[in-house]
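Working through the structure, step by step
What follows is the residue order along each chain.
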Amino acid sequence: ALSVLPSRAENQSESNFYLKPGDKVCFYGDSITEQRFYGVDVETFVRTRFPNLHVKFVNSGVGGDRVTGGWAGKIDLRLKRDVFPFKPNVVTIMLGMNDAEYRPFDQSLFNTYTNGYEHIIESLQKHLPGVRIVLIEPTPYDDVTEAPKFPGGYNAVLLRYAAFVRQLAAEHHLQCVDFMTPLLDAMKK
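The following paragraphs examine the structure supplied in this document.

1. Points about the pattern of salt bridges
Enumeration according to the criterion identifies 10 salt bridges in this entry. For R36, the salt bridge is made with E43, and the minimal N-O distance between the two is 3.7 Å. The class for R36 is partly exposed, based on a relative accessible area of 38%. What makes E43 buried here is its relative accessible area of 19%. Notably, a salt bridge pairs R78 with D65, separated by 2.8 Å at the nearest N-O pair. Of this pair, R78 sits in helix α4 (residues 75-82) while D65 sits in the loop between β2 (56-61) and β3 (69-70), placing them 13 residues apart in sequence.

This is the structure in structure tokens:
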């Protein structure tokens with residue numbers, strides 16, 4: 001009977017873990033989220049390392065999405081339909097790959113991204129009081145193993161978007177995850 005109880009070390013590591021018993025996590029983003037590239041890893045880690053947390057996960061990623069929405073609806077509809085009804089208390093956001101439109105840096109597109117990202121955070125905080133938001137920097141585009149389609153390449157643009165996401169997280173006291181640097185390093189190797 002004692003073997004089913006977590007050891008003191010397990011309790012301590014659970015108490016230091018970001019997710020807590022009963023959390024509801026919503027992964028929000030574009031096709032990278034929809035295809036569960038990182039969501040499955042997070043879910044598997046939690047379920048295998050912390051099976052007593054009883055965390056629920058929902059994937060609300062949609063291919064092609066941007067901070068303004070996409071083919072599945074504008075951002076306010078997406079949030080109202082694909083996030084709020086699940087009442088998550090943790091939301092991850094990974095957007096940016098589509099927002100820069102796979103072309104050289106464009107200030108107008110970047111302004112839309114920054115304003116749209118702010119809107120998403122404000123909407124989440126308004127409709128889900130106390131929500132813990134985790135921002136995920138955009139992942140790299142493969143102009144490392146393949147020739148860039150324009151001078152400087154798309155990764156240079158995405159790095160600017162990633163820097164904004166880091167800054168936004170700091171300003172709002174949110175968690176931020178850097179997928180860009182380790183994946184870009186792996187591609188370069």
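From this point on, the discussion continues.
2. What to know about the packing of helix α5 (residues 107-127) against helix α6 (residues 153-172)
Across the interface, α5 lies against α6 with an axial gap of 11 Å and an inter-helix angle of 30°. Looking at the two axes, α5 sits roughly parallel to α6. The element α5 and its partner α6 pack so that their crossing is right-handed. In contact with L109, F110, Y113, T114, Y117, E118 and I121 of α5, α6 contributes R160, Y161, F164, V165, L168, E171 and H172. Partitioned by chemical class, the residues of the contact of α5 with α6 number nine nonpolar, two polar and three charged.

3. Some details on the sheet that holds strand β7 (residues 175-177)
Across the sheet, five strands lie side by side as β2-β1-β5-β6-β7; this open sheet has parallel pairing. Among the strands making up the open sheet, the edge pair consists of β2 and β7. Averaged over all adjacent pairs, the angle separating strand axes in this sheet is 20°, with direction ignored. One ladder, built from three bridges, connects strand β6 (residues 132-136) with β7; its direction is parallel. Bridge pairing in β7 links I136 to V177. Its contacts with the sheet put α4 on β1 (24-29) and β2, and the angle it makes with β1 is roughly 155°.

4. A short note on the side chain of T92
With respect to the secondary-structure elements, T92 resides in strand β5 (residues 90-94). In this view, T92 contacts C26, F27, Y28, Y38, V134 and I136; residues no more than four positions away in its chain are not counted.

5. Observations concerning the nonpolar core
Within the largest apolar cluster, 50 residues are counted, with the highest numbers of intra-cluster contacts made by L19, V83, V91, I93, Y117, L124 and L135. Elements with a contribution of two residues or more to this core: β1, β2, α4, β5, α5, β6, α6 and α7 (180-188). It is α6 that provides the largest number of residues to this core, a total of eight residues. When sequence neighbours within four positions are dropped, the list of residues in contact with V91 reads C26, Y28, V83, L124, L128, V131, R132, I133 and V134.

What counts, and where the lines are drawn
Residues numbered from 1 in each chain as written. Predicted model: local features only at pLDDT ≥ 70, side-chain atom pairs only at ≥ 80, totals over all residues. Heavy atoms only, no water. Salt bridge = Lys/Arg side-chain N within 4 Å of Asp/Glu carboxyl O. Buried < 20%, exposed > 50% of the residue type's maximum accessible area, 1.4 Å probe, protein only. Helix = DSSP H or I, 4+ residues; strand = E, 2+ residues; numbered from the N terminus. Axes fitted to C-alpha atoms, helices over the stretch in contact; angles between N-to-C directions. Parallel < 35°, antiparallel > 145°, perpendicular 65-115°, else oblique. Left-handed = near helix turned anticlockwise from the far one by under 90°. Contact = heavy atoms within 4.5 Å. Nonpolar A, V, L, I, M, F, W, Y, C, P; charged D, E, K, R; others polar. Pairing = 2+ DSSP bridges. Core = buried A, V, L, I, M, F, W, Y, C linked by side-chain atoms within 4.5 Å.

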